[in-house]
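Fold and contact review
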Amino acid sequence: MDIAKIKGQLLPKITSICAHLKNHIDVKSLTIGLALVFGLYVLLFSYVLFKAEDTIKIIESKLSYETIPVQVIGARNRPTHQKSDLAIDGLYQNTASGLLPIIRRSDNLTSFRSYQRPFSFKEVSQDKPVISFIITDFGLSKEQSMATLDVLPPEISLMLSPYADLPEEWVSMAKAQGHEVWLNLPIQNKDATDLGGNTIFHFAPYGDKLKAFFKTLSTTQGYLGLGSFTDTSLTYSAEDYSKLAEEMYTRGLGFIEMNPYASPVIEGKSITYGAPYIQADMTLLRIKGDDSFDTLEHLAQQKKHAVIVVPNAPNIIKNLAVWLVKVAQADYTIAPVSAMFDLSLYNATQKDSDNSNESHQNIKSAPVPDAITTPTHLQEHDHIQPTENHH
């Protein structure tokens, strides 16, 4: 492109236009017009300046507002958290973290005993193995959780997710249909290092662990215990988890360990406090093969009891509902998870009862002498020290 040639063509045209404007525009008239416009703007500015205060008052008078008192919460003032209909009087403590379960002082009533589903082993056949199921992630998916409530009987226990929307509503619906509800406590493990905002991390300070612990506990009310999947990595911070277990048991909660091969840290504290500790035997994942219905049947027949963890997945739940009707009704006793803690107590009671009956039988079958003889002193070999029964 020839720039010089373009300039040569445009320059004469521009010069011609400027000369035309100079000849046809009255400079005096233009100056007077600009002065008038400037004067008008000065007058408008002056009006706004002097009337601004009145204008603001008029605008404020037309606005509706309300003064709201703000309460500053000090160290001694704790927020009051609203109890739901699920809360039983005396079983909850109002704290800065929310409503936390406690043991009722008047009668030592616990959440475990208050919210567990009633079950009696006296009314079931001793020949049938006892199986308990617990469904995880209840409330996390609305559609799937509603389907679970629709197809499973009330003997099946449910574990509420701490991340469920409207947790109180889910607990209320579950309890209305007879299910007992546990609450999932997310704890870091080898397979899952981050399980959401409530996760308790191994290497976090104990204060952070306790804060996350209370955050989960305050999710809702109406649950009888906590459930977690832990492993040997728990031993990295065994002392802290021992304190958390103590905190849990002294608040009247039970615990279900979902890992059959978990660390004994939490179980150890349950022995100290005589608190409910239940350990799962397997997780049901498929229809056939490993971790299947065949596996749980073999396990139950071998041990005479089993605790099974079941993911809240559509196919597994549907197949479980079918298995409960076609197989379990005839061959097994289905009990809520909490009953497994009472099963050991029941078995011990039955054993004591059997030993007592056997002793009575032995006394009744002892030979009666034909005649009363003169008593003689016992010899050393006549005195037999009774043996102790260890349970």
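Before reading further, recall that the structure is shown in the block above.
The notes below deal with the structure included here. Quantities reported herein were computed from a predicted structural model and do not represent experimental measurements. (Residues numbered from 1 in each chain as written. Predicted model: local features only at pLDDT ≥ 70, side-chain atom pairs only at ≥ 80, totals over all residues. Heavy atoms only, no water.)

**Quick word on the packing of aromatic side chains**
To describe a pair of aromatic rings, one takes the distance between the centres and the angle between the planes. Applying the stated rule across the entire model yields 10 aromatic pairs. Centroid distance Phe203 to Tyr236: 5.9 Å. Interplanar angle 20°. Geometry classified as stacked. One end of the pair, Phe203, is in the loop between β5 (181–184) and α6 (206–217); the other, Tyr236, is in the loop between β6 (225–228) and α7 (238–249), and 33 residues separate them in sequence. On the basis of relative accessibility, which here comes to 67%, the residue Phe203 falls in the exposed class. Relative to Tyr277, the ring of Phe255 lies with its centre 6.1 Å away and its plane at 20°, an arrangement referred to as stacked. One end of the pair, Phe255, is in strand β7 (residues 254–257); the other, Tyr277, is in strand β8 (residues 277–279), with 22 residues separating them in the sequence. The exposure class of Tyr277 is buried, given its relative accessible area of 14%. Put simply, the rings of Phe133, Phe293, Trp323 and Tyr332 pair up and form one aromatic cluster. Across the ring face of Tyr241, the terminal group of Lys209 is positioned such that the distance to the ring centre comes to 5.8 Å. The lysine or arginine in question, Lys243, covers the ring of Tyr206, its NZ or CZ lying 5.1 Å from the ring centre. (Phe/Tyr/Trp six-rings, centres within 6.5 Å; stacked < 30°, edge-to-face > 60°. Helix = DSSP H or I, 4+ residues; strand = E, 2+ residues; numbered from the N terminus. Buried < 20%, exposed > 50% of the residue type's maximum accessible area, 1.4 Å probe, protein only. Lys NZ or Arg CZ within 6 Å of the ring centre and 35° of its normal.)

**What about the pairing of strand β4 (residues 157–160)?**
Going residue by residue along β4, you find Ser157 and Met159 tucked away on one face and Leu158 and Leu160 tucked away on the opposite face as well. Judged from the three bridges that link them, strand β3 (residues 130–138) and β4 form a sheet pairing that is parallel. Paired with Phe138 across the bridge in β4 is Leu160. In this fold, β3 hands off to helix α4 (residues 142–151), which returns the chain to β4; that crossover is right-handed. Here β4 runs beside β5; their pairing, made up of three bridges, is parallel. Looking at β5, one finds that Leu158 is bridged to Val181. Since β4 and β5 lie parallel, the crossover through helix α5 (residues 167–176) that links them has a hand, and here it is right-handed. (Pairing = 2+ DSSP bridges. Right-handed = clockwise from strand over helix to strand, strands pointing away.)

**So, the environment of Gly268**
Mapped onto the secondary structure, Gly268 falls in helix α8 (residues 265–273). The exposure class assigned to Gly268 is partly exposed, which follows from its relative accessible area of 32%. Along the primary structure Gly268 and Glu246 are separated by 22 residues, whereas in three dimensions their C-alpha atoms are 9.9 Å apart.

**Some points on the nonpolar core**
Among the nonpolar cores identified, the biggest contains 56 residues, and Phe133, Leu226 and Trp323 are the most heavily contacted of them. Of all the elements, helix α10 (residues 314–331) adds the most residues to this core, at seven residues. Counting 25 residues, the second-largest nonpolar core is a separate cluster that includes Ala87, Leu99, Tyr115 and Met258. (Core = buried A, V, L, I, M, F, W, Y, C linked by side-chain atoms within 4.5 Å.)

**What to know about α4**
Every buried residue belonging to α4 is among Gln144, Ser145, Thr148 and Leu149, and all of these are buried. Mapping the buried residues of α4 onto a view down its axis gives an arc of 140°, with all of them on the same face. When the buried face of α4 is taken as reference, the exposed residues oriented beyond 90 degrees from it are Lys142, Glu143 and Asp150. Summarising the contacts, the buried residues of α4 are in contact with β3, β4, α5 and α10. (Arc of directions from axis to C-beta. Contact = heavy atoms within 4.5 Å.)

**Quick notes on unusual backbone geometry**
In the Ramachandran plot, Asp137 falls in the positive-phi region, its phi being about 60° despite a non-glycine side chain. With respect to the helices, strands and loops of the structure, Asp137 is situated in strand β3. A positive phi angle, close to 55°, is found at Asp291, a residue other than glycine. Positionally, Asp291 belongs in the loop between β9 (282–283) and α9 (293–303).

**Topic: the pattern of salt bridges**
Scanning the model with the defined rule gives nine salt bridges in all. Salt-bridge contacts for Asp107 lead to Arg104; the nearest nitrogen and oxygen are separated by 2.7 Å. In this structure, the salt-bridge partner of Asp281 is Lys303, at a minimum N-O distance of 2.5 Å. Taken together, the positions of Asp281 in the loop between β8 and β9 and Lys303 in helix α9 put the pair 22 residues apart, joining distant regions of the chain. (Salt bridge = Lys/Arg side-chain N within 4 Å of Asp/Glu carboxyl O.)

Worth remembering: the numbers are spatial, not functional.
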